[in-house]
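Structural characterization, general
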Amino acid sequence: MAGKDGKGWLREIKQFYIAHNSDRISANAQALWHYLMYKANENWWHYPLCLYIPEIAFALKISQTAVKRAREELAAKGYITWESPGATSRPDTMY
C-alpha cells in the first residue's frame with residue numbers, strides 16, 4: 001500500500017488500475033482494496049492495519065466469507081499481505 005510521501009497514494013491507485021487492466025480481480029476484491037486504502041489513510045498510513053473481518057464485511061455489505069475470499073485473492077495477486085492472529089479474538093493484520 002501507499003507510503004507517507006504525500007503522493008504515494010495517487011501512485012498506488014494508478015498502479016492498481018494498471019495492474020487491474022491486465023489481470024482482473026473480482027468486484028469484492030476491488031471493494032476490499034479500496035476500503036483498505038481508506039482505512040490506511042484514516043490511520044495516517046501507519047502499518048499494519050488491524051481490522052476485524054466482521055467490521056470489513058459490515059462496511060462493504062458483503063459476507064465474512066466473501067471478505068476472506070477477496071482478501072485471499074488480493075494476497076495471491078500481490079496487492080496485500082496479511083497475517084492471522086491465530087485462534088485469538090484479535091483482528092487480522094494487513095499490510
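Before reading further, recall that the structure is shown in the block above.
A brief structural summary. This is a predicted model, so every value here is computed, not measured.

Basis of the calculations
Residues numbered from 1 in each chain as written. Predicted model: local features only at pLDDT ≥ 70, side-chain atom pairs only at ≥ 80, totals over all residues. Heavy atoms only, no water. 1 Å grid on protein atoms, 1.4 Å probe; cavity = no way out; pocket = protein on both sides within 12 Å on 5 of 7 lines; lining within 4 Å. Points joined across faces, edges and corners; volume = space filled by probe spheres on them. Helix = DSSP H or I, 4+ residues; strand = E, 2+ residues; numbered from the N terminus. Nonpolar A, V, L, I, M, F, W, Y, C, P; charged D, E, K, R; others polar. Salt bridge = Lys/Arg side-chain N within 4 Å of Asp/Glu carboxyl O. Buried < 20%, exposed > 50% of the residue type's maximum accessible area, 1.4 Å probe, protein only. Phe/Tyr/Trp six-rings, centres within 6.5 Å; stacked < 30°, edge-to-face > 60°. Lys NZ or Arg CZ within 6 Å of the ring centre and 35° of its normal.

1. Some words on the layout of surface pockets
Roughly 160 Å³ of volume is contained in the largest pocket. Around the largest pocket sit 15 residues that line it, and Ile53, Lys68, Arg71, Arg90 and Asp92 are the ones nearest its centre. When residues of the lining of the largest pocket are traced back to their parent elements, those giving at least two are helix 3 (53–60) and helix 4 (64–76). Per-element tally for the lining of the largest pocket: the top contributor is helix 4, with three residues. Class assignment for the residues of the lining of the largest pocket results in seven nonpolar, four polar and four charged.

2. Focus: the pattern of salt bridges
Tallying each qualifying case throughout the model produces three salt bridges. Between Asp23 and Lys77 there is a salt bridge; the shortest N-O distance is 2.9 Å. Remark: Lys77 occurs in the loop between helix 4 and strand 2 (82–83) and Asp23 occurs in the loop between helix 1 (8–22) and helix 2 (27–42); sequence separation between them is 54 residues. Residue Lys39 pairs with Glu42 through a salt bridge whose shortest N-O separation is 2.8 Å. In this pair, Lys39 and Glu42 both sit in helix 2, three residues apart, roughly one turn of the helix. What makes Lys39 buried here is its relative accessible area of 16%.

3. Let's talk about the packing of aromatic side chains
Going through the model one piece at a time under the given rule, you end up with four aromatic pairs. Taking the centre distance of 5.1 Å and the plane angle of 85° together, the rings of Phe16 and Tyr17 count as edge-to-face. Between Tyr35 and Tyr38, the ring centres sit 6.1 Å apart and the planes meet at 40°, which makes this aromatic pair tilted. One end of the pair is Tyr35 and the other is Tyr38, both in helix 2 and three residues apart, which spans about a single turn. Residue Tyr35 is classed as buried on the basis of its relative accessible area, which comes to 12%. Put simply, the rings of Phe16, Tyr17, Trp33 and Tyr79 pair up and form one aromatic cluster. Geometry around Trp82 places Arg71 over its ring, the cationic atom sitting 3.5 Å from the centre.

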